[in-house]
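Here are the chains, one letter per residue:
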Amino acid sequence: MFSGTEPPSGPPPGAAPTGRWNYLICGENANPGVGAAAVVGAWVWTTAAQQVVTDPRQLAQQAYDELRPPTPLVDFRPRYHAGQPEATLVGLRTYVWVTEASLRTASKRVAIGATWAQVTDMVRSVTFDPGDGSAPVVCPDGGVPYDPAAAPDQQVASCWHVYTRPGSYSMRVSVTWAAVWTGSGGTGGTLPALIVTGNVAVPVEEVQSVNGAVTSGDRTG
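To keep things clear, this report deals only with the structure shown in the data block. Since we're looking at a predicted model, the values are computed, not measured.

Scanning the protein from N- to C-terminus turns up one helix and eleven strands. Starting at the N terminus and ending at the C terminus, the protein contains elements arranged as β-β-α-β-β-β-β-β-β-β-β-β. Here the protein holds 221 residues, and the buried ones make up 37% of them. When contacts within the protein are restricted to residue pairs at least 6 apart in sequence, long-range pairs at least 24 apart make up 70% of them. Of the accessible surface of the protein, which amounts to about 12000 Å², a share of 54% is contributed by carbon and sulfur atoms.

What follows is the structure, given as structure tokens:
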């Protein structure tokens, strides 16, 4: 590969003399509004024996195969402890959410010569499986982070689950991404949805007290 705005004057050393230079762009672009000029490319020598890509659908498939959203990172609150690892409690709403960085729209652009395609992934839905045998919880926006400064009845967090038994549960989150593409010549369309999963351990404790409440000194979430 060779950089620069103009192709080299001849074939690279050791290459077959019959061929042509193609400008290859293969870069990730987290902002679909940024044009191809913002993505670094290089000149590639393509011999007559090699296939020259003229169908943007081929490049869309390549970008789709290379673009993989990140594994979702999950957090939960509130968390309590009494000389033990932090845990949520039986009978309380345990709020869960996927971190914002795990849900950012991502795109990838691939181009050879004048043929190009760009694939963009956007979150369609987020589902939490609490891991205790109960039904999964669907949170289209991935949940809202818990506010430790707000009282339980003032939380704006929208995604939660109540555990009824103590234990250590593995909560599984599945993020479904919608994939669309656009390409040269006014081409474009949809691609199969991508589902990416992640897990978080959720310890659940049962606290015994005279008045059935947790003291403020026990709360850390």
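Turning next to the packing of aromatic side chains. Counted by the stated rule, this structure contains two aromatic pairs. On the basis of an interplanar angle of 35° and a centroid distance of 5.6 Å, the ring pair of Tyr95 and Tyr146 is categorised as tilted. Highlighted residues: Tyr95 in strand S5 (residues 93-98) and Tyr146 in the loop between strand S8 (137-138) and strand S9 (160-162), separated in sequence by 51 residues. Grouping residues by exposure puts Tyr95 and Tyr146 together as buried. Ring geometry for Tyr163 versus Tyr169: centroids 4.8 Å apart, planes at 25°, classification stacked.

Quick look at the pairing of S5 now. In terms of residue burial, S5 counts as a mostly covered element, since five of its six residues are buried. Relative to S5, strand S3 (residues 74-77) is paired through four bridges, and the arrangement is antiparallel. Looking at the pairing, Val74 lines up with Val98 of S5. One ladder, built from three bridges, connects S5 with S9; its direction is antiparallel.

Quick look at the environment of Val200 now. When you line up the elements, Val200 lands in strand S11 (residues 187-205). Residues Val200 and Pro130, spaced 70 residues apart in sequence, show a C-alpha to C-alpha distance of 9.7 Å. Ignoring any residue separated from it by four or fewer positions in sequence, one finds Val200 in contact with Val74, Phe76, Tyr169, Ser170 and Met171.

To continue, consider the nonpolar core. Among the nonpolar cores identified, the biggest contains 31 residues, and Val119, Val126, Phe128, Met171, Val173 and Val202 are the most heavily contacted of them. For this core, the secondary-structure elements that each account for two or more residues are helix H1 (56-66), S3, S5, strand S7 (115-129), strand S10 (167-183) and S11. In terms of residue count, S10 provides more of this core than any other element does, seven residues in total. In this structure Phe128 touches Val74, Val96, Trp97, Val98, Pro136, Val137, Cys139, Gly142, Cys159, Met171, Arg172 and Val173, once residues within four positions along its chain are discounted.

Each neighbour pair has its own omega, and for Arg77 with Pro78 the value is 0°, a cis peptide bond. Looking at the element boundaries, Pro78 is found in the loop between S3 and strand S4 (88-89).

Calculation criteria
Residues numbered from 1 in each chain as written. Predicted model: local features only at pLDDT ≥ 70, side-chain atom pairs only at ≥ 80, totals over all residues. Heavy atoms only, no water. Helix = DSSP H or I, 4+ residues; strand = E, 2+ residues; numbered from the N terminus. Buried < 20%, exposed > 50% of the residue type's maximum accessible area, 1.4 Å probe, protein only. Contact = heavy atoms within 4.5 Å. Areas by Shrake-Rupley, 256 points an atom, 1.4 Å probe, with all protein chains shown as cover. Phe/Tyr/Trp six-rings, centres within 6.5 Å; stacked < 30°, edge-to-face > 60°. Pairing = 2+ DSSP bridges. Core = buried A, V, L, I, M, F, W, Y, C linked by side-chain atoms within 4.5 Å.

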